[in-house]
Amino acid sequence: MGKRDHWNSVYATKSEDTVSWFQKDAQPSLDLILTHPEAAARGVVDIGAGASRLVDRLLDNGIEDVTLLDLSDRSFDVVRDRLIGRDVQPTFVVQDVTAWQPARTFGVWHDRAAFHFLSDRASQDAYLSVLKSATAPGAIVIMATFADDGPERCSALPVRRYSSEELSTRIGPSFRLLETRKIGHQTPGGTTQRFQYSVFEAV
Ligand SMILES: C[S@@+](CC[C@H](N)C(=O)[O-])C[C@H]1O[C@@H](n2cnc3c(N)ncnc32)[C@H](O)[C@@H]1O
């Protein structure tokens, strides 16, 4: 099964709030984004957004320029249903991030648990090249991955785990590390997954 089929099948067969990565409050992502209001006003893109409720909270907080990118169009059906009746809607991009050619830049690039699926160097390089083309100096980049003591698989797929130091080195000198946090994510199934959140500024 290809990547897109895998993710579409996940979102077709499981409800939004039963997947292991489900969060009701989208924290600490929301607080980290709200800490940078000027960057957020230049547009927020959520990479591998899936059915995340982060977009709902961003709109609630007056951040209206939001782009969601995901391989899976099925995940966006869930988001579209949830946002019915809202005046302001996000832009949906159904695309493999490593092949994306963004037509604009964003003030905030957010990725929770998408980059860590890229296990080979070529696809990581492709991702980082898209990241560079989508951000100008001053942009904020928030990257959440499984931590170095986190799980080795997510959604039955192998993942690459990172410490903030490793991630910082991999992202390279075009991005300056501002802040890092390690948190335990409680899954709906009752286990704890260690994540690292790193915040960078494009220089
Ligand atoms: C573990 S889920 C996390 C979803 C969301 N970020 C959250 O925190 O709730 C990973 C998401 O990344 C998407 N994804 C995986 N690889 C991708 C890729 N190469 N390009 C775009 N999206 C991808 C999947 O479809 C899925 O929705």
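The rules behind each value
- Residues numbered from 1 in each chain as written.
- Predicted model: local features only at pLDDT ≥ 70, side-chain atom pairs only at ≥ 80, totals over all residues.
- Heavy atoms only, no water.
- Salt bridge = Lys/Arg side-chain N within 4 Å of Asp/Glu carboxyl O.
- Helix = DSSP H or I, 4+ residues; strand = E, 2+ residues; numbered from the N terminus.
- Buried < 20%, exposed > 50% of the residue type's maximum accessible area, 1.4 Å probe, protein only.
- Pairing = 2+ DSSP bridges.
- Axes fitted to C-alpha atoms, helices over the stretch in contact; angles between N-to-C directions.
- Contact = heavy atoms within 4.5 Å.

1. Thoughts on the pattern of salt bridges
Argument step 1. For the coordinates displayed, the defined rule picks out 15 salt bridges.
Argument step 2. Residue D149 pairs with R194 through a salt bridge whose shortest N-O separation is 3.9 Å. Taken together, the residues D149 in the loop between β5 (135–146) and β6 (153–154) and R194 in strand β9 (residues 192–202) connect sequence positions 45 residues apart.
Argument step 3. Looking at D149, the relative accessible area reads 44%, which means it is partly exposed.
Argument step 4. Note that E201 is salt-bridged to R176, the shortest N-O span being 2.6 Å. One end of the pair, E201, is in strand β9; the other, R176, is in strand β8 (residues 175–186), and 25 residues separate them in sequence.
Argument step 5. Looking at E201, the relative accessible area reads 21%, which means it is partly exposed.
Argument step 6. Three or more residues joined by partner-sharing salt bridges are found here, namely E16, R53, D56 and R82.

2. Describing unusual backbone geometry
Argument step 1. Cis geometry is adopted by the peptide bond preceding P28, which originates at Q27 and carries an omega value of 5 degrees.
Argument step 2. For P28, the location among the structural elements is in the loop between α1 (3–13) and α2 (29–34).
Argument step 3. Here S155, not a glycine, exhibits a phi torsion of approximately 50 degrees, which is positive.
Argument step 4. For S155, the location among the structural elements is in the loop between β6 and β7 (157–158).

3. Here we look at the sheet that holds strand β1 (residues 44–47)
Argument step 1. The strand order across the open sheet formed by seven strands is β3-β2-β1-β4-β5-β9-β8, and the pairing between neighbours is mixed. Of all strands in the sheet, those bounded by a partner on one side alone are β3 (91–94) and β8. Taken over all neighbouring pairs, the strand axes of this sheet differ in orientation by 15 degrees on average, direction set aside.
Argument step 2. Bridging between β8 and β9 involves eleven bridges; their strand directions are antiparallel. Across the sheet, the residue bridging to R181 is Y197, located in β9.
Argument step 3. Packed on one face of the sheet, helix α6 (residues 121–133) meets β1, β4 (106–112), β5 and β8 and runs near 145 degrees to β5.
Argument step 4. Its contacts with the sheet put helix α7 (residues 164–171) on β5, β8 and β9, and the angle it makes with β9 is roughly 40 degrees.

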